[in-house]
Amino acid sequence: MLPAVLEGQSVPPAAQNPSPMVEHTRAHERLSPSLEHDIGGVRRTFAGPLGKPVEVWIPDGIGQRDDVDVVVHFLGTAWLPEYAVSRMKTKTVAAVVNIGAGSGIYDRSFSDPAEFDSLLANVTRETSAVLGHTVIFRHVTLSGFSAGHGAIRAILRDSQHFARVGAVLLLDGMHTSYVPDGVVVEKGGTLDPKNLEAFVRFAQAAMRGEKRFLVTHSEIFPGTFASTTETADYLLNALGLHRTAVLQWGPRGMQQLSEVHAGRFELLGFAGNSAPDHIDQFQGMPEFLERLLQRPPPSERPFPPEHLSP
């Protein structure tokens, strides 16, 4: 997680020692906030965790008997997840949650399972009020950028919520601490597995074809806590999977270096160790969300149990 300004939303820096590198090789293309005026729909807001506003976007064209899905996104200005959802041309509601800086505050805010129940109930209420009839969300997708992943790991710790969530998108945001604290792997530290256990279980379910899970990461090295590259490697090791090297373009001029496909689990690694490379991951959400929910995985064949770590 790097300090940045996300189109009008200030994200204070967390404790870290990021690379001071500035690079000008990649394009770092940026979508325009004006896109929110082109997607139509209705926007509602309610007070969510810690009294912070939750922004809800309901698309046009949802009828009385239509099934409705929901994408709940954590961290980032709301117009971009709304645009990402609108591009799919499906009857899907977007809800965007911003709480504060650091994954810890997102984790603590959803450590009580009742908090996520309340969030979904309020999104359901707002959507039902706009549509004029009671809505029941058919599919629930969770998306998190950077520190926003803390909410997702907390939600997935609860068995009922784990069962309810059908898909997860992590955008350069799967971190954990070093053990001992602050001691990098090169100096003898190891990764604390507690914050990664829920993601391992969700990835195993995706490999079996029961869930959908897409993880993207940069090469950013925070220094005081584990990077998304290190946590991605931990995840792959736990799953018994290995990267395939690739060289190809990604969204917004990103440069993809590696990929992993197993059932409905995918992991994509991208070049970059600078702040713009981090923001690229969020800016790529429209393409990544489409890849997660609409594009058939390279292999729909579930992996047999012997490929899964206990």
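Our subject is the structure listed above.
Residues numbered from 1 in each chain as written. Predicted model: local features only at pLDDT ≥ 70, side-chain atom pairs only at ≥ 80, totals over all residues. Heavy atoms only, no water.

1. Some remarks on the nonpolar core
Now for step 1: Residues F74, L119, L142, F213 and F265 are the most contacted members of the largest nonpolar core, which totals 87 residues.
Now for step 2: Here this core gets eight residues from one element, more than from any other, and that element is helix α6 (residues 197-207).
Now for step 3: Other than its neighbours up to four places away in sequence, F74 contacts V97, Y106, F110, L119, L142, S143, G144, F145, G148, A151, I152 and I155. (Core = buried A, V, L, I, M, F, W, Y, C linked by side-chain atoms within 4.5 Å. Buried < 20%, exposed > 50% of the residue type's maximum accessible area, 1.4 Å probe, protein only. Helix = DSSP H or I, 4+ residues; strand = E, 2+ residues; numbered from the N terminus. Contact = heavy atoms within 4.5 Å.)

2. Side note on helix α3 (residues 113-131)
Now for step 1: Its 19 residues give α3 an end-to-end C-alpha distance of 27 Å, which sits within 8% of 27 Å, the value for a rise of 1.5 Å per residue.
Now for step 2: Taken as a whole, α3 has its buried residues at F116, L119, L120, N122, V123, E126, T127, S128 and L131.
Now for step 3: Of the residues flanking the end of α3, it is G132, one or two places downstream, whose phi is positive at about 80°. (Expected span 1.5 Å × (residues − 1).)

3. As for unusual backbone geometry
Now for step 1: The linkage connecting V179 with the following residue, P180, adopts the cis geometry, with an omega of -5°.
Now for step 2: Within the secondary structure, P180 sits in the loop between β9 (178-179) and β10 (190-191).
Now for step 3: With a phi angle near 55°, K89 is a residue other than glycine that sits in the positive phi range.
Now for step 4: Phi angles above zero are rare outside glycine, and S146 is one such case at about 55°.
Now for step 5: Mapping S146 onto the fold places it in the loop between β7 (137-145) and α4 (149-157).

4. A short note on the packing of α6 against helix α7 (residues 228-239)
Now for step 1: Following both chains from N to C, one finds α6 and α7 inclined at 55°, their axes separated by 10 Å at the closest point. With respect to their mutual orientation, α6 and α7 come out oblique. Helix-helix and strand crossings are classified by hand; for α6 and α7 the assignment is right-handed. Residues F199, V200, A203, Q204 and M207 of α6 form the contact with α7, whose participating residues are Y234, L235, A238 and L239.
Now for step 2: Looking at the contact of α6 with α7 residue by residue, the classes come out as eight nonpolar, one polar and no charged. (Axes fitted to C-alpha atoms, helices over the stretch in contact; angles between N-to-C directions. Parallel < 35°, antiparallel > 145°, perpendicular 65-115°, else oblique. Left-handed = near helix turned anticlockwise from the far one by under 90°. Nonpolar A, V, L, I, M, F, W, Y, C, P; charged D, E, K, R; others polar.)

5. Considerations on the environment of P53
Now for step 1: Counting through the fold element by element, P53 comes out in strand β4 (residues 53-58).
Now for step 2: Counting along the chain gives 46 residues from P53 to I99, while the straight-line C-alpha distance between them is 8.3 Å.

6. Concerning the pairing of strand β12 (residues 244-249)
Side chains on a regular strand alternate between the two faces of the sheet.
Now for step 1: Across four bridges, β12 lies against strand β13 (residues 255-262) in antiparallel orientation. Among the inter-strand pairings, Q248 is bridged to a residue of β13, identified as Q256.
Now for step 2: Two successive antiparallel strands, β12 and β13, enclose a turn made up of five residues, where R252 displays a positive phi of approximately 60°. (Pairing = 2+ DSSP bridges.)

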